[in-house]
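Each chain, letter by letter, is given below.
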Amino acid sequence: MGSRRSLFYVLTRNLHLYIGLFLSPFVLVFAVSVILLNHPGIPLGGSRALEAATLHVEVPPGFDRLEDIDRVRQAREIMRQADVSGEVGFVGYSRSEGTITIPVSRPWSEATVRVSAKTGMASITQRRTGFLAPLIFLHKMPGPHLANIRGNWAMVRAWGWLANGTAWLLLFLALSGIYLWAILKSERTVGLFLIVAGLASFLGALYAICR
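Residues numbered from 1 in each chain as written. Predicted model: local features only at pLDDT ≥ 70, side-chain atom pairs only at ≥ 80, totals over all residues. Heavy atoms only, no water.

Q: Go over the overall build of the chain with me, naming the residues and quoting the values.
A: What the chain contains, in helices and strands, is five helices and seven strands. In sequence order, the secondary structure elements of the chain are arranged as α-β-β-α-β-β-β-β-β-α-α-α. Over its C-alpha trace the chain gives a radius of gyration of 24 Å, far above what one expects of a compact globule, namely 17 Å for 211 residues. C-alpha extents for the chain along the principal axes are approximately 75 × 40 × 35 Å. Out of the 211 residues belonging to the chain, those deemed buried represent 29%. For the chain, the accessible area works out to roughly 13700 Å², and carbon and sulfur atoms hold 65% of it. Taken as two groups, the 21 positive and 12 negative side-chain charges of the chain have centres that lie 14 Å from each other. (Helix = DSSP H or I, 4+ residues; strand = E, 2+ residues; numbered from the N terminus. Rg over C-alpha atoms; globule rule 2.2 N^0.38 Å. Buried < 20%, exposed > 50% of the residue type's maximum accessible area, 1.4 Å probe, protein only. Areas by Shrake-Rupley, 256 points an atom, 1.4 Å probe, with all protein chains shown as cover. Lys, Arg positive; Asp, Glu negative; His and termini not counted. Charge placed at Lys NZ, Arg CZ, Asp CG, Glu CD.)

Q: Report on the packing of helix α4 (residues 154-183) against helix α5 (residues 188-210), specifying residues and quantitative values.
A: Across the interface, α4 lies against α5 with an axial gap of 8 Å and an inter-helix angle of 145°. The interaxial crossing formed by α4 with α5 has left-handed handedness. Judged by residue contacts, Trp-181, Ala-182 and Ile-183 of α4 engage Arg-188, Gly-191, Leu-192 and Ile-195 from α5. Of the residues assigned to the contact of α4 with α5, the class counts are five nonpolar, one polar and one charged. (Axes fitted to C-alpha atoms, helices over the stretch in contact; angles between N-to-C directions. Left-handed = near helix turned anticlockwise from the far one by under 90°. Contact = heavy atoms within 4.5 Å. Nonpolar A, V, L, I, M, F, W, Y, C, P; charged D, E, K, R; others polar.)

Q: So what's going on with α4? Residues and values would help.
A: With 30 residues, α4 extends 44 Å between its outermost C-alpha atoms, agreeing within 8% with the 44 Å of an ideal straight helix rising 1.5 Å per residue. For α4, the set of buried residues is Val-156, Trp-159, Gly-160, Thr-166, Leu-173, Ser-176 and Leu-180. (Expected span 1.5 Å × (residues − 1).)

Q: Kindly report on the environment of Leu-7, identifying the contributing residues and their values.
A: Along the polypeptide, Leu-7 turns up in helix α1 (residues 2-38). On a C-alpha basis, the gap between Leu-7 and Leu-37 in space is 43 Å, while along the polypeptide they are 30 residues apart.

Q: So what about a nonpolar patch on the surface? Which residues, and what values?
A: A cluster of nonpolar side chains, Trp-168, Leu-171, Leu-175, Ile-178 and Ile-195, forms an exposed patch at the surface whose accessible area comes to about 520 Å². No other element matches α4, which puts four residues into the nonpolar patch. Inspection of the secondary structure assignment puts Leu-175 in helix α4. What makes Leu-175 exposed here is its relative accessible area of 54%. (Patch = residues over 30% accessible without salt bridge, like charges linked within 9 Å, V, L, I, M, F, W, Y side chains within 5 Å. Salt bridge = Lys/Arg side-chain N within 4 Å of Asp/Glu carboxyl O.)

Q: Give me the lowdown on the side chain of Ser-33, citing residues and values where you can.
A: With respect to the helices and strands, the residue Ser-33 is situated in helix α1. In contact with Ser-33, other than residues within four places in its own chain, are Leu-135, Ile-136 and His-139.

Q: Describe the pattern of salt bridges, and please don't skip the residues or the numbers.
A: Tallying each qualifying case throughout the model produces four salt bridges. A salt bridge links Arg-73 to Asp-70; the shortest N-O distance between them is 2.8 Å. In this pair, Arg-73 and Asp-70 both sit in helix α2 (residues 68-82), three residues apart, roughly one turn of the helix. Residue class for Asp-70 comes out partly exposed when judged on its relative accessible area of 39%. Of the charged contacts in the structure, one is a salt bridge between Glu-110 and Arg-127, with a shortest N-O distance of 3.0 Å. Of the two residues, Glu-110 is situated in strand β6 (residues 109-116) and Arg-127 in strand β7 (residues 121-128); the sequence distance between them amounts to 17 residues.

Q: Could you give an account of the pairing of β6, naming the residues involved and the relevant values?
A: Counting buried positions along β6 yields six of eight residues, so the element is predominantly enclosed. Between the end of strand β5 (residues 99-106) and the start of β6, which pair antiparallel, lie two residues. Taken together, the seven bridges between β6 and β7 define a ladder with antiparallel strand orientation. Bridging from a neighbouring strand, Arg-114 pairs with Ser-123 of β7. (Pairing = 2+ DSSP bridges.)

Q: Tell me what's going on with the layout of surface pockets, and back it up with residues and numbers.
A: Reported here for the largest pocket is a volume of approximately 370 Å³. Lining the largest pocket are 24 residues; nearest its centre among them are Ser-105, Glu-110, Ile-136, Phe-137 and Lys-140. Listed by contribution, the elements that provide at least two residues to the lining of the largest pocket are β5, β6 and α3 (133-140). When residues of the lining of the largest pocket are assigned to their parent elements, the largest contribution, five residues, is made by α3. Residue composition of the lining of the largest pocket, by class: nine nonpolar, nine polar and six charged. (1 Å grid on protein atoms, 1.4 Å probe; cavity = no way out; pocket = protein on both sides within 12 Å on 5 of 7 lines; lining within 4 Å. Points joined across faces, edges and corners; volume = space filled by probe spheres on them.)

Below, the structure is given as structure tokens:
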């Protein structure tokens, strides 16, 4: 019985160590991006506009009658013709002007594609974002906003799977850390104090926010 417990302890300790090392870059991304989001005045490294382009595209028939993800799919066909890739935030359509607006985001750039549904002429404006901007992009994506169309770019879907896996592994790190602390008798007093202090801080902040 003791050998099994010892084996479980060693296995948990090793997994706790190596998974923690594996997750450290992901945690760094989330940590730095939270600081940037909480302090919007921090410069993101500057941005610069790229040369605008104009070209002709084929607008799918009945575009104005499409909604949500169906409209995004057709918008992506327009983007393919315009050689623009990225995550579509939303697709705007002005009936009065007959204009389609497609904002597109990537970790390192942003673009806006405006198309005349009548003539098929498309104007594309792009800008390079600062070198810290990708951290904010990764923090927000895929996210709960516009959930019915979110993840329409394969790279964002892949990042969503990675972020989800990171969350589950962080849960394992928390539980395994508590287990390892409980096993080490010499650390129980300090560990208990830190757990209580952390819980009190969390509940205090929650009470202050929600009161």
